[in-house]
Amino acid sequence: MIDYKPILLPHPGRTTPVSLEEYRQKGGYRGWEKALREMSPDDVIEEVKASGLRGRGGAGFPCGAKWGFVPRIEGPKYLCCNADESEPGTFKDREIMEIEPHMLLEGVAIASYAIRANDAFIYIRGEYVTAADGLEAAIEEATRAGLFGADALGKGFDLRIHVFRGAGAYICGEETALLESLEGRRPMPRSRPPFPAVEGLYRRPTAVNNVETLANVPLILANGSAWYQTIGVPPRNTGPKIFCLSGRVKRPGNYELPLGSVTFRELIDQYGGGTSTGAPVKGVLPAGASAPIITADRLDTRLDYDSVQEAGSMLGSASLIVLDETVCIVRAAALMEEFFRHESCGKCTPCREGTGWLHDILVRLEGGRGSESDLELLMSLSGEISGKVLCALGDFATSPVTATVRGFRDEYLQHLELGRCPYPDWGSGAGSWELGDGGWQTGAHRG
Amino acid sequence: MLTPETRDKILTEVERYPQRRTAVLPALKHAQAQIGWLPPEAIGEVADLVGVSHAAANELATFYSMLRTRPGGRTRVEVCLQLPCALAGAERLLGALAEGLGIRPGEATTDGAIELIGTPECFGACHRAPMCRVNDDYREHLTPEATCALIEELTADRRRTTDGRRPRARHSPSSLVGRPARAEGA
Ligand SMILES: Cc1cc2nc3c(=O)[nH]c(=O)nc-3n(C[C@H](O)[C@H](O)[C@H](O)COP(=O)(O)O)c2cc1C
Ligand code: SF4
Ligand code: FES
């Protein structure tokens, strides 16, 4: 294990939120005070640019540059914090919000100041009730202390932070769908350009940032970009990153480490305690259901944006789902495709219809029905979706299919040869739920 | 059909945001919290209060999975079946709940007390899998023992809320008895 003390999640195992008093005792809101007292909004943007901070919501876009795109014009501008966190395998923003609400709020405040927005919205998925209630309480606490509200800290800057609760739709994490949802419309992505920086919420300039991205900002302001550059692999992979580890590992959970400091294998073995079954790793999904699987031969890839991309996938939200050798890859693909089928917003025909077809074909193959030509059908159908739709969900939806057909073709064929799935149920590792005697017959997934 | 309290809450939402249409979603949630679901009359009343067309409110009510345009059970038990949970036995959890409650996934008990749902949506609790939501509460780390306790709790609640009508559920599904607890990770 490497020598590193977490700074975004400094209280492992804690279940109650850090109060304003406690947060300030440990140096909290120093970044916000420094920004308002000593820095112009443009200074803040320059400092964040110099830090190298890249967006933690998936795309890894440089945060300071995004703020720089917001035009310096009169009239309302908005900051939107993306707290929709619905990617399978992702639970990092939840922990930040539930335990460190003030760290996020300080980041929201600094970002709002940087782009000169007086209204900030935290768009949080509807199921995160505990986190949303905690954030609202923390906003009230900080506003009473004069940190937010009219004339924050007596420096003439007005800041209102609103918590807006979603209602169960993965697509609301896509930034333009998020804006549509906030405007009270069906959350269907917009075509771009114009980008949100120019025409966002209520058609006004808007920056959209992920929870974890914004949680990094107070540290950058308080300690300086030079300090931040000492964490991770500068210049393109700086700072701490929270890795969500789930699936077949002994110790699932959030692990905060510097970008690029460990490999997939090290994270799984040293932090996750190895696979829960003891069987070798078959593959790892590095970004929930949305990026191509990393096969076992690439587990020595470092966990940073550029290394994972070189290995043919994406770090994305860094939600690592570990599959061991006892897991049926076709079944895993079918389950992920069922997610996309369920979550497609329906605006583009290839995505709306195609995700359903892909799912149907995968279910058929998993049951040992269908034929080898179905594999070509899966690939050509994926080609008709990817790149031909309005938002990245359509592209995401093809990766469970194309990456597993490419990497595990023999396993698909084995299903066809046997006329059934060679892996009983979810294999032999379903935790304490292992039954071995036929188990529960729910029909929920097997249809 | 909305009570004065609900109407007040909705009008407060309308005041809160830069544009009133933003209040439609929170307003629909207030209406659902009162009624349990969103009948067409409630959707219309919300739209009138916020000041948007009925269609504008309806297009949200019919889109989001947390908004319901049909009545269901008073207590909703929603099991996540997405990959990380599936790898920890989520389907068996769903089966155990079905057997214990005496209903099939997708159904409600005949007295309308409990509805059981399996969903491919992930709830951000994958490190504490398998899990379910009971209305808005997260129930995580559902080992067989914890599941037995949950079934007990649900059926006890149901006895309380159904005026002595007894449920026919079995409390400890046969296949759960005597299973070892799962060694819990981080
Ligand atoms: C289908 C889809 C779902 C997404 N879900 C999320 C999400 O839940 N949270 C998030 O921060 N970004 C999500 N994103 C990425 C956002 O569109 C956006 O890039 C991000 O919020 C920008 O913030 P960042 O630059 O700080 O990373 C999603 C994108 C797509 C296409
Ligand atoms: S790609 Fe899919 S989710 Fe994205 S806008 Fe089109 S239909 Fe909607
Ligand atoms: S997969 Fe079940 S909560 Fe994430």
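Let me sum up the structure you'll find in this document.

**Regarding the interface of chain A and chain B**
Turning to step 1, where the next piece is worked out: Facing the 70 residues of chain A at the interface are 59 residues of chain B.
Turning to step 2, where the next piece is worked out: Buried surface at the junction of chain A and chain B, both sides included, amounts to about 5400 Å², of which 61% is carbon and sulfur.
Turning to step 3, where the next piece is worked out: Taken together, the links from chain A to chain B amount to 2 salt bridges.
Turning to step 4, where the next piece is worked out: Here Arg94(A) and Glu140(B) are joined by a salt bridge, their closest N and O atoms 2.9 Å apart.
Turning to step 5, where the next piece is worked out: Run the count over chain A and chain B and you get 16 residue pairs in polar contact (both at pLDDT 80 or more).
Turning to step 6, where the next piece is worked out: Among the elements of the structure, β2 (119–124), β4 (157–165), α8 (175–182), β8 (240–247), β9 (253–258), β12 (319–324) and α13 (329–343) of chain A are those that each provide at least two residues to the side of chain A that touches chain B.
Turning to step 7, where the next piece is worked out: Ranked by the residues each element gives to the side of chain A that touches chain B, the list is headed by α13(A), at 8 residues.
Turning to step 8, where the next piece is worked out: Partitioning the side of chain A that touches chain B into residue classes produces 35 nonpolar, 18 polar and 17 charged.

**Examining the site of ligand 2**
Residues and elements named next belong to chain A.
Turning to step 1, where the next piece is worked out: Taken together, the neighbourhood of ligand 2 is formed by 13 residues, with Cys 345, Lys 347, Cys 348, Cys 351 and Cys 391 sitting nearest.
Turning to step 2, where the next piece is worked out: Among the cavities detected, the one that contains ligand 2 is the largest cavity.
Turning to step 3, where the next piece is worked out: Partitioned by chemical class, the residues of the shell around ligand 2 number 9 nonpolar, 3 polar and 1 charged.

**Points about the layout of surface pockets**
Turning to step 1, where the next piece is worked out: Computed from the structure, the largest pocket encloses a volume of approximately 1200 Å³.
Turning to step 2, where the next piece is worked out: As for the largest pocket, its lining consists of 46 residues, and the residues nearest its centre are Gly57(A), Gly58(A), Ala59(A), Asn82(A) and Gly173(A).
Turning to step 3, where the next piece is worked out: Counted by class, the lining of the largest pocket contains 19 nonpolar, 16 polar and 11 charged residues.
Turning to step 4, where the next piece is worked out: In terms of lining, the second largest pocket is formed by 38 residues, of which the most central are Val129(A), Arg165(A), Lys29(B), His30(B) and Asp136(B).
Turning to step 5, where the next piece is worked out: Across the lining of the second largest pocket, the residue classes tally to 15 nonpolar, 11 polar and 12 charged.
Turning to step 6, where the next piece is worked out: For the lining of the second largest pocket, the domains that each give at least three residues are domain 1 (4–61) and domain 2 (75–176) of chain B.

**Points about the pairing of strand β1 (residues 78–83) of chain A**
Residues and elements named next belong to chain A.
Turning to step 1, where the next piece is worked out: Counted residue by residue, β1 has 6 buried out of 6 residues, so it is predominantly covered.
Turning to step 2, where the next piece is worked out: Burial along β1 is two-sided: Tyr 78, Cys 80 and Asn 82 facing one way and Leu 79, Cys 81 and Ala 83 facing the other are all buried.
Turning to step 3, where the next piece is worked out: Relative to β2, β1 runs parallel, the two sharing 6 bridges. Note that in β2 the partner of Asn 82 across the bridge is Tyr 123.

**Looking at the site of ligand 1**
Residue and element names in this part refer to chain A.
Turning to step 1, where the next piece is worked out: Taken together, the neighbourhood of ligand 1 is formed by 19 residues, with Gly 57, Lys 66, Asn 82, Asn 210 and Thr 213 sitting nearest.
Turning to step 2, where the next piece is worked out: Here Glu 175 contributes a backbone N or O atom positioned 3.1 Å from an oxygen atom of ligand 1.
Turning to step 3, where the next piece is worked out: In this structure, Thr 213 approaches ligand 1 through a side-chain N or O atom, which is 2.7 Å from an oxygen atom.
Turning to step 4, where the next piece is worked out: In the complex, 91% of the free accessible area of ligand 1, which totals 610 Å², lies under the protein chains.
Turning to step 5, where the next piece is worked out: Here ligand 1 is seated within the largest pocket.
Turning to step 6, where the next piece is worked out: Elements supplying a minimum of two residues to the shell around ligand 1: β5 (206–210) and α16 (392–407).

Thresholds applied
Residues numbered from 1 in each chain as written. Chains lettered and ligands numbered in written order. Predicted model: local features only at pLDDT ≥ 70, side-chain atom pairs only at ≥ 80, totals over all residues. Heavy atoms only, no water. Contact = heavy atoms within 4.5 Å. Buried area = accessible area lost by both parts, 1.4 Å probe. Salt bridge = Lys/Arg side-chain N within 4 Å of Asp/Glu carboxyl O. Polar contact = N/O pair within 3.5 Å; in protein donor to acceptor, adjacent residues only side chain to side chain. Helix = DSSP H or I, 4+ residues; strand = E, 2+ residues; numbered from the N terminus. Nonpolar A, V, L, I, M, F, W, Y, C, P; charged D, E, K, R; others polar. Near = heavy atom within 4 Å. 1 Å grid on protein atoms, 1.4 Å probe; cavity = no way out; pocket = protein on both sides within 12 Å on 5 of 7 lines; lining within 4 Å. Sits in = over half its atoms within 2 Å of the grid points. Points joined across faces, edges and corners; volume = space filled by probe spheres on them. Domains from an automatic or database assignment. Buried < 20%, exposed > 50% of the residue type's maximum accessible area, 1.4 Å probe, protein only. Pairing = 2+ DSSP bridges. Areas by Shrake-Rupley, 256 points an atom, 1.4 Å probe, with all protein chains shown as cover.

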